[in-house]
Amino acid sequence: MQHVTLPPGWVAPAGSLRGRVVLVAGAAGGVGGAAARAAAAAGATVVLLGRRVKPLERLYDELVAAGGAQPAIYPLDLEGATPEDHAMLAERIEAECGRLDGIVLAAARFTGLIPLAQSEPLEFLRSIHVNLTAQWLLLQSCLPLLARADDPSVVFVLEDAARVGKAYWGGYGVARHALATLATMLASESENSPLRVHGLLPPPLRTALRARAYIAEDPTALPAPDALAPAITYLLGPDGREARGCVLDLRTGA
Ligand SMILES: NC(=O)c1ccc[n+]([C@@H]2O[C@H](COP(=O)([O-])OP(=O)(O)OC[C@H]3O[C@@H](n4cnc5c(N)ncnc54)[C@H](OP(=O)(O)O)[C@@H]3O)[C@@H](O)[C@H]2O)c1
């Protein structure tokens, strides 16, 4: 996928996502929370998907207090979810929201850097599943619903492939490489349909995942994930058509 940057000076038009329904997977995480807040602030109805209910409820309350469309909570553990569970998710979104215009795939499982030879087999499998196959199952189940939207958009939150392809990134690194390949394939297969497929490549951000990988780093030196808000609003909204099939690369110097 071609790498692009946010158009210089781009500012989200007020209400650019009004009337749209956006599903955020990993909504209680750093990037997912930022995506949910950004989409809601731009007027979208946001479906908050995550594995733990309490953090989703806190985010729900925050979005309600901020005004805007009423969000929805959808607890789902991607580790154990079956294809039937994913199909049920799509059915529920259709039944309760009537449509789906966008998905942000921001769920991620990372338990720490470890040499491949020492990685615990089941943890390796979980990592591949949550970071790759479960993301695809979720997205696949929602494709028919997205296909009915006028301007559907999928945002894959990607990793810096060179960084997570290095030693000790284990199943997480392998899965994140494969997820980028999957995004490229889907973008290519969607060229003649309304579906827009995007990658979003964030800079280092102050999140739990980052802290697990860089334990000696001062997290306060990193930007908060809400710095992603303009990029997320851009990719989910009509202006994002310009970045169809592209990775919006927010790393410094990109
Ligand atoms: N942070 C960075 O600097 C950075 C830089 C580049 C790219 N990214 C990308 O951003 C994405 C999100 O990372 P993040 O930094 O936001 O991480 P994060 O704050 O740890 O958020 C990850 C979210 O995924 C959820 N999750 C984990 N396992 C799950 C499961 N089985 N089912 C459902 N949800 C599950 C987590 O829930 P729990 O809290 O319950 O575990 C958490 O809410 C990743 O794809 C990463 O590659 C991050």
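The preceding data block contains the structure.
The structure reproduced in this document is the subject of the present report. (Residues numbered from 1 in each chain as written. Predicted model: local features only at pLDDT ≥ 70, side-chain atom pairs only at ≥ 80, totals over all residues. Heavy atoms only, no water.)

### Some thoughts on the overall build of the chain
Of regular secondary structure, the chain possesses eight helices and eight strands. Computed over the C-alpha atoms, the radius of gyration of the chain is 17 Å, within 12% of the 18 Å expected from 2.2 N^0.38 for a compact globule of 254 residues. Projecting the C-alpha coordinates of the chain onto the three principal axes gives extents of approximately 50 × 45 × 40 Å. A buried classification covers 48% of the 254 residues belonging to the chain. Expressed as a percentage of contacts within the chain between residues at least 6 apart in sequence, the contacts between residues at least 24 apart total 75%. For the chain, the accessible area works out to roughly 11,800 Å², and carbon and sulfur atoms hold 57% of it. Between the centroid of the 22 positive side chains of the chain and the centroid of its 25 negative side chains there is a distance of 4 Å. (Helix = DSSP H or I, 4+ residues; strand = E, 2+ residues; numbered from the N terminus. Rg over C-alpha atoms; globule rule 2.2 N^0.38 Å. Buried < 20%, exposed > 50% of the residue type's maximum accessible area, 1.4 Å probe, protein only. Contact = heavy atoms within 4.5 Å. Areas by Shrake-Rupley, 256 points an atom, 1.4 Å probe, with all protein chains shown as cover. Lys, Arg positive; Asp, Glu negative; His and termini not counted. Charge placed at Lys NZ, Arg CZ, Asp CG, Glu CD.)

### Focus: unusual backbone geometry
For Tyr 168, which is not a glycine, the phi torsion comes out positive at approximately 80°. Summarising the element assignment, Tyr 168 is placed in the loop between α5 (161–164) and α6 (170–189).

### Considering the pairing of strand β2 (residues 21–25)
The buried fraction of β2 is high, at five of five residues. Of the two faces of β2, the one carrying Val 21, Leu 23 and Ala 25 and the one carrying Val 22 and Val 24 are both buried. Inspection of the sheet shows β2 paired to strand β3 (residues 45–50) by five bridges, in the parallel sense. Across the sheet, residue Val 22 finds its bridge partner in β3, namely Val 46. Following the backbone out of β2, through helix α1 (residues 30–41) and into the adjacent parallel β3, one traces a crossover that is right-handed. (Pairing = 2+ DSSP bridges. Right-handed = clockwise from strand over helix to strand, strands pointing away.)

### Some points on the sheet that holds strand β6 (residues 153–157)
Taken in spatial order, the eight strands of this open sheet run β1-β8-β7-β6-β5-β2-β3-β4, and their pairing is parallel. This sheet does not close on itself; its edge strands, each paired only once, are β1 (2–4) and β4 (72–75). If you compare each strand with its neighbour and ignore which way they point, the axes differ by 20° on average. Of the pairings in the sheet, the one linking β1 to strand β8 (residues 246–249) comprises three bridges and is parallel in character. Bridged to His 3 within β8 is Val 247. (Axes fitted to C-alpha atoms, helices over the stretch in contact; angles between N-to-C directions.)

### Focus: helix α8 (residues 229–236)
In terms of burial, α8 is largely enclosed, as six of its eight residues are buried. Every buried residue of α8 is accounted for by Ala 231, Ile 232, Thr 233, Tyr 234, Leu 235 and Leu 236. Buried residues belonging to α8 abut β2, α1, β5 (102–105), β6, β7 (196–201) and β8.

### Focus: the site of the ligand
Taken together, 29 residues surround the ligand, and among them Arg 51, Tyr 172, Arg 176, Leu 205 and Thr 207 come closest. One of the side-chain nitrogen or oxygen atoms of Tyr 172 is found 2.7 Å away from an oxygen atom of the ligand. Within the side chain of Thr 207, one N or O atom sits 2.6 Å away from an oxygen atom of the ligand. Isolated, the ligand exposes 890 Å² of accessible area, and the fraction of that covered by the protein chains is 94%. Those elements that provide at least two residues to the shell around the ligand are α1, α6 and α7 (208–213). Here the shell around the ligand gets four residues from one element, more than from any other, and that element is α7. In the shell around the ligand, the residues fall into 17 nonpolar, four polar and eight charged. (Near = heavy atom within 4 Å. Polar contact = N/O pair within 3.5 Å; in protein donor to acceptor, adjacent residues only side chain to side chain. Nonpolar A, V, L, I, M, F, W, Y, C, P; charged D, E, K, R; others polar.)

Remember that the coordinates give geometry; whether it matters functionally is a separate question.
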